[in-house]
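Residue-level structural notes
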Amino acid sequence: MATFVELELPAAETALGETFDRVRSCYCYLERAVVSETPGLWFGGAERSAIEAALEADPSVDAYSRIRAASDEWLYEVRFAAEIYEIGALPFEEGGTILAASADRGVWSIRMRFPDHESATRTYRRFLERDVDVDVASVRKGPKTGPERPGLTVEQYETLVAAVERGYYEVPREVSVQELADEFGISDQSVSERLRRASSQILATELNVADANSRADDR
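Structural notes, computed from the coordinates. (Residues numbered from 1 in each chain as written. Predicted model: local features only at pLDDT ≥ 70, side-chain atom pairs only at ≥ 80, totals over all residues. Heavy atoms only, no water.)

1. Regarding the sheet that holds strand E4 (residues 61-70)
Ordered by their spatial adjacency, 8 strands build an open sheet running E4-E5-E3-E2-E6-E7-E1-E8, and the pairing between neighbours is antiparallel. Across the chains shown, the open sheet's two edge strands, defined by having one partner strand only, are E4 and strand E8 (135-141). With strand direction ignored, the average angle separating the axes of adjacent strands in the sheet is 20 degrees. Relative to strand E3 (residues 40-44), strand E2 (residues 27-30) runs antiparallel, the two being bridged by 4 bridges. Across the sheet, Tyr29 pairs through a bridge with Trp42, a residue of E3. Across the sheet, helix H6 (residues 154-166) touches strand E1 (3-10), E2, strand E6 (97-104), strand E7 (107-114) and E8, and the angle it forms with E7 is around 160 degrees. (Pairing = 2+ DSSP bridges. Helix = DSSP H or I, 4+ residues; strand = E, 2+ residues; numbered from the N terminus. Axes fitted to C-alpha atoms, helices over the stretch in contact; angles between N-to-C directions. Contact = heavy atoms within 4.5 Å.)

This is the structure in structure tokens:
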């Protein structure tokens, strides 16, 4: 069964340690699930000039380029040093997928999905072997899907978590459907459908009633 893990790693032992040391108010978060060696990272919490000066001086960064701006945040494409990629590749080597990553106050919080609990455990141990002081913030199994136990699909789960973390359900909303769609590289209609179906499934489970979406799909 798929296992979802959230790990916390010190930036000083992984990536951008110098940046967060120089600009302590700075934070960043991953644009979307990592699919290439050059991730898109949103930075905020400080002036752009201060962030770029820190990136320039950071030994974990080989190169960076600003892609776009939104309000008081800036999206950068960051190419890290080879040793950072070696550490970052550990989850992928165990079949893991990085669903979200963010850093604040010098600590990375990385949410990952693994094929099973054993592969997640091996990744944790491999971080320790690299002398990375990793902490496990949370571990959960699922969501389990199928006719024997209806639940959220992986895509619905990932989209719903992103919506909650980005403030979609706050009043007023802190992120739009279109912004979520941009993060996942899908249409805004697809995001709306994922959120609607996920919310319906969760409510049906909590209230112990039949899911309207399931009834509609059966017709």
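2. Here's the deal with the nonpolar core
Core analysis: the biggest nonpolar cluster contains 36 residues, and Leu16, Phe43 and Trp108 have the highest contact counts within it. Membership of the second largest hydrophobic core comes to 16 residues, among which are Leu99, Tyr157, Leu160 and Val191. (Core = buried A, V, L, I, M, F, W, Y, C linked by side-chain atoms within 4.5 Å. Buried < 20%, exposed > 50% of the residue type's maximum accessible area, 1.4 Å probe, protein only.)

3. Points about the packing of aromatic side chains
Geometry of an aromatic ring pair is reported as the spacing of the ring centres plus the angle between the planes. Within this structure, the stated rule accounts for 6 aromatic pairs. Measuring from ring centre to ring centre gives 4.6 Å for Phe4 and Tyr157, while their planes differ by 50 degrees; the resulting arrangement is tilted. Of this pair, Phe4 sits in strand E1 while Tyr157 is found in helix H6, placing the two residues 153 residues apart along the sequence. Each member of the pair Phe4 and Tyr157 is classed as buried. Taken together, the ring pairs connect Phe43, Tyr64 and Tyr76 into an aromatic cluster. It is Arg173 that lies over the ring of Tyr168; its NZ or CZ is 4.0 Å from the centre. (Phe/Tyr/Trp six-rings, centres within 6.5 Å; stacked < 30°, edge-to-face > 60°. Lys NZ or Arg CZ within 6 Å of the ring centre and 35° of its normal.)

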